[in-house]
Amino acid sequence: MSDRELSCNSAGQFMDRGRMNQNGVVQPLLTDLYQITMAYAYWKSGKTDDQAVFDLFFRNNPFHGEFTIFAGLEECLKFLDSFHYSESDIEYLRQTLPEGIENEFFDYLGNLTARDVILYAIDEGTVAFPRVPIIKVEGPLIIVQLLETTLLTLVNYASLMATNAARYRMVAGKHVKLLEFGLRRAQGPDGGLSASKYSYTGGFDGTSNVLAGKLFNIPVKGTHAHAYITSFSGIGELKTRLLRHKTTGITGDLLEHAIKHRQALSHVLDVSTEESSEGELAAMVSYAIAFPDGFMALVDTYDVKRNENDNQNDKMKRKSNMIISNNVAPTSSCKNGHKLCTSTSKPTYPELLKPNFISKFCKINGVYNSNVNRTCSNGSAIKIAQDNGNDFVSLIEHINEVVQIQTSNAIKNNNHKASNIKKTRRSVTPAATLVNKHNLIYSPKNPSNASDTLVTWNLPKYVEKSFRSGLLNFSAVALALYDFGFYAVGIRIDSGDLAYLSCLARETFEKIAERFKVSWFNKLTIVASNDINEDTILSLNEQGHKIDCFGIGTHLVTCQRQPALGCVYKLVEINGQPRIKLSQDVEKVTMPGHKNAYRLYSADGHALIDLLQKVTEMPPAVGQKVLCRHPFQESKRAYVIPSHVESLYKIYWQDGKIYQKLPTLEQVREKVQISLKTLRNDHKRTLNPTPYKVAVSDNLYNFIHDLWLQNAPIGELS
């Protein structure tokens, strides 16, 4: 065993780090160089016996919110337990530090441990607020200085990640499952493991990260990728088609059953079997045979998202052909009152960009307003298309946008009868909400009165039918599995309009459940992924989605809305004397001295205010009036009569050992939700949350300002 795998326990003996399940990267050299150079300067100055107190806190809540979840404490305690410079560490420092450093200092470092350190902290998983220290470290100046960077790196990301996860949990609601899918997008392996651990702490239900599951006992979830579906091109590639019945043990052909069910389902779902993918069916049958009790399939492999990755020229050709195949042809043979047109020859793509075609397109589709025609025929539409890589669908969307604006204005400016207006409004299909999300094709009604024209959108066949191909194949395989005594789990949607597609999937399952008398189809799980963030879930909630579970990766693990929490570690006392850091920025002025923190609760059980006091003060009492003051604004003060008082700090490390029984990860996870319930809803809302109050006692307020005046220089005017 190498010295890197060893750590020092409270008795000065070495033990295997693996027994504590500690990250081997977390060690004394995981620090900034200036911590070690300061340690030498302290040592050189004879400060080895000085006693210091440091506060670890943050100045602002993350993500524009008004709360933070404290996490990372267990890792801090493991670090203290294993703190010891190995022989190879000392040798490296001899080579790295500037010449002239005395050998006795390296001997001093080699014998340094954390047994004389006392660490106070709030419970891990507790809601925390700015300026209230979440950790206090007391002990010999040199050792507590050397702890700074490592403690910060262990707390900063952990707390940020747990807070981010807790926010996702709140917006998703308690009945929707949340899975962390971020390993491939995380900042390296350690970032991926930390993200899995602390997203679970914050309220997620599982992870795709297998190693995190092993290390932290987190439920591991996952199905398959698009690659599995696309690896099959047809049913002829199936090497195994047989499956043994779950209860009878009789072997049968699962593919044969799936094909039979697919034929019956095609009539119910109005999807031709010829339009469904044989390769997709083969892949699903194969996966169902491998996992008959856990069959969950990806159903959007051949959706529009896949088309977007194709060669640009093929993309243009496919889209332009799709437009033409929907009976939009640049000819004058179309007659007014008829949307459908035919042409013996389809135009080439460059011809589609010509102004005369654009104008004819408008006329063909019932756009008679002269302002619209001028807009359609001018160069702006062509420029829009060219700016988008000659994307004809973008051009069509531009035309349609103009059409909607102009026709809407026309309706407003004309005095129509209420019945006509109602009739016109009915012409807008529900799919209209999908505009600009799935390259929907303009397909208006063609009323005789141009002022009655409103835009009606239809979901293109290559989107709807492709997605429904996945639903058809999945449902067929699910019913086939049921023939063998197994129950499918559900589907995953990884692209497209998640609200619309989830509703379509749920409607499909309900239709199948009723038609085939399989009530369990109503309960099939719909999982959605695809670059989901907090705002996405809020939007989906507003749209009435039918999603049961979200798989969230990039935005969760990278905390894209705020990449760092900004915890700091400040000296507040040395040898019993308070220390204050002054700044023109009041936010950066520290609160000096050794302090205690209390959380005061109102009569309704909600947390009302956090109060900081000097350690020499008596704690606030229930039912007794307490003067709470803003630390830096004299006029902001209030009396509080608490119905319950909670002392926030416990000693977690003392005499070289962990002083409290550490909770399990499950218990910390429960603590997060319990702590969040103590906050009023207005503190937790996503939009303009009410700031939570943090105050100091009257005694501490006067102490801070007296010390401020003593240390602030007096200017001179001349």
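Quick notes on the rules
Residues numbered from 1 in each chain as written. Predicted model: local features only at pLDDT ≥ 70, side-chain atom pairs only at ≥ 80, totals over all residues. Heavy atoms only, no water. Helix = DSSP H or I, 4+ residues; strand = E, 2+ residues; numbered from the N terminus. Buried < 20%, exposed > 50% of the residue type's maximum accessible area, 1.4 Å probe, protein only. Contact = heavy atoms within 4.5 Å. Areas by Shrake-Rupley, 256 points an atom, 1.4 Å probe, with all protein chains shown as cover. Polar contact = N/O pair within 3.5 Å; in protein donor to acceptor, adjacent residues only side chain to side chain. Salt bridge = Lys/Arg side-chain N within 4 Å of Asp/Glu carboxyl O. Pairing = 2+ DSSP bridges. Axes fitted to C-alpha atoms, helices over the stretch in contact; angles between N-to-C directions. Phe/Tyr/Trp six-rings, centres within 6.5 Å; stacked < 30°, edge-to-face > 60°. Lys NZ or Arg CZ within 6 Å of the ring centre and 35° of its normal.

Visitor: Explanation requested: the overall build of the protein chain in the structure shown.
Guide: Secondary structure assignment for the protein chain yields 26 helices and 27 strands. Within the span of the protein chain, comprising 718 residues, buried residues form 54% of the whole. Counting contacts in the protein chain only where the partners sit at least 6 residues apart, residues at least 24 apart contribute 73% of the total. Looking at the protein chain as shown, the accessible area adds up to about 33,400 Å², and 49% of this sits on carbon and sulfur atoms.

Visitor: What's the story with the side chain of Asp-55 in this structure? I'm lost.
Guide: Positionally, Asp-55 belongs in strand 3 (residues 51-57). Judged by its relative accessible area of 2%, Asp-55 is buried. Among the polar contacts made by the side chain of Asp-55, one reaches the side chain of Lys-595 at a distance of 2.8 Å. With residues near it in sequence (within four places) discarded, Asp-55 still touches Pro-133, Ile-135, Lys-136, Val-568, Tyr-569, Lys-570, Val-572, Met-591, Gly-593 and Lys-595.

Visitor: What am I meant to see in helix 2 (residues 73-82) here?
Guide: In an α-helix, one full turn covers 3.6 residues, which means residues spaced three or four apart are oriented alike. Across the ten residues of helix 2, nine count as buried, placing the element largely inside the fold. When we look at burial in helix 2, the residues that qualify are Leu-73, Glu-75, Cys-76, Leu-77, Lys-78, Phe-79, Leu-80, Asp-81 and Ser-82.

Visitor: Which parts of the structure should I look at to understand the pattern of salt bridges?
Guide: Once their charged atoms are close, side chains differing in charge can pair, the charge on each being opposite to the other. Taken as a whole, this structure holds 19 salt bridges when the rule is applied. Residues Glu-74 and Lys-78 are paired through a salt bridge, measuring 3.6 Å at the closest nitrogen-oxygen approach. Here Glu-74 pairs with Lys-78, and both are found in helix 2, just four residues apart, close to one helical turn. Classification of Glu-74 by relative accessible area gives partly exposed; the value is 24%. For Lys-78, a relative accessible area of 7% corresponds to the buried category. The salt bridge partner of Asp-682 is Arg-680, with a shortest N-O separation of 2.9 Å.

Visitor: Can you walk me through the sheet that holds strand 5 (residues 118-121) in this structure?
Guide: Two modes of strand pairing occur in sheets, parallel and antiparallel, and in both the strands are linked by backbone hydrogen bonds. Spatial ordering of the open sheet is given by 19-18-3-7-5-25-26, a layout of seven strands whose pairing is antiparallel. Both outer strands of the open sheet, strand 19 (577-578) and strand 26 (657-658), are each paired with one neighbouring strand and no more. As judged from the three bridges shared by strand 5 and strand 25 (residues 650-654), these two strands associate in the antiparallel manner. Considered in strand 25, the bridge of Tyr-120 is made with Ile-651. Across the face of the sheet, helix 2 comes into contact with strand 5, strand 7 (135-140), strand 25 and strand 26 while running at roughly 30° to strand 25.

Visitor: Can you walk me through the packing of aromatic side chains in this structure?
Guide: Each aromatic ring pair is summarised here by two numbers: the centre-to-centre distance and the angle between the ring planes. Counted according to the given criterion, the structure contains 20 aromatic pairs. Between Phe-79 and Phe-83, the ring centres sit 5.6 Å apart and the planes meet at 80°, which makes this aromatic pair edge-to-face. For Phe-79, a relative accessible area of 0% gives the class buried. Phe-83 gets classed as buried once you look at its relative accessible area, which sits at 1%. Stacked on the ring of Tyr-701, the Lys or Arg Arg-629 has its end atom at 3.8 Å from the ring centre. Its end group placed over the ring of Tyr-200, Arg-669 keeps NZ or CZ at 4.4 Å from the ring centre.

Visitor: How should I be thinking about the environment of Leu-498 in this particular structure?
Guide: Note that Leu-498 resides in helix 21 (residues 498-516). Note on Leu-498: relative accessible area 8%, which makes it buried. In sequence terms Leu-498 and Thr-536 are 38 residues apart; their C-alpha atoms lie 9.6 Å from each other.

Visitor: I keep staring at the sheet that holds strand 20 (residues 595-601) and nothing clicks. Help me out?
Guide: Strand order in the open sheet formed by six strands is 23-22-27-21-20-24, and the pairing between neighbours is mixed. The open sheet has two edge strands with one neighbour each: strand 23 (637-640) and strand 24 (644-647). Between one strand axis and the next, the sheet turns by 35° as a mean value, whatever way the strands run. Summarising the sheet, strand 20 and strand 24 pair through four bridges and their orientation is antiparallel. Bridge pairing in strand 24 places Arg-599 opposite Glu-646. In this fold helix 26 (residues 698-711) packs onto strand 20, strand 21 (607-614), strand 22 (626-629) and strand 27 (693-697), with an angle of close to 80° to the strand it touches most, strand 27.

Visitor: Hey, could you run me through the side chain of Thr-163 in this one?
Guide: Within the secondary structure layout, Thr-163 lies in helix 6 (residues 148-172). Excluding anything up to four places from it in sequence, Thr-163 contacts Pro-62, Phe-63, Phe-67, Thr-68 and Ile-69.

Visitor: Is there a simple way to explain unusual backbone geometry in this structure?
Guide: Glycine aside, negative phi is the norm for most residues, and most peptide bonds take the trans geometry. For Asn-575, which is not glycine, the phi dihedral falls at a positive 50°. Relative to the helices and strands, Asn-575 resides in the loop between strand 18 (568-574) and strand 19. The exposure class assigned to Asn-575 is partly exposed, which follows from its relative accessible area of 44%. Phi is positive for Asp-655, which is not a glycine, with a value near 55°. Following the sequence through the fold, Asp-655 ends up in the loop between strand 25 and strand 26.

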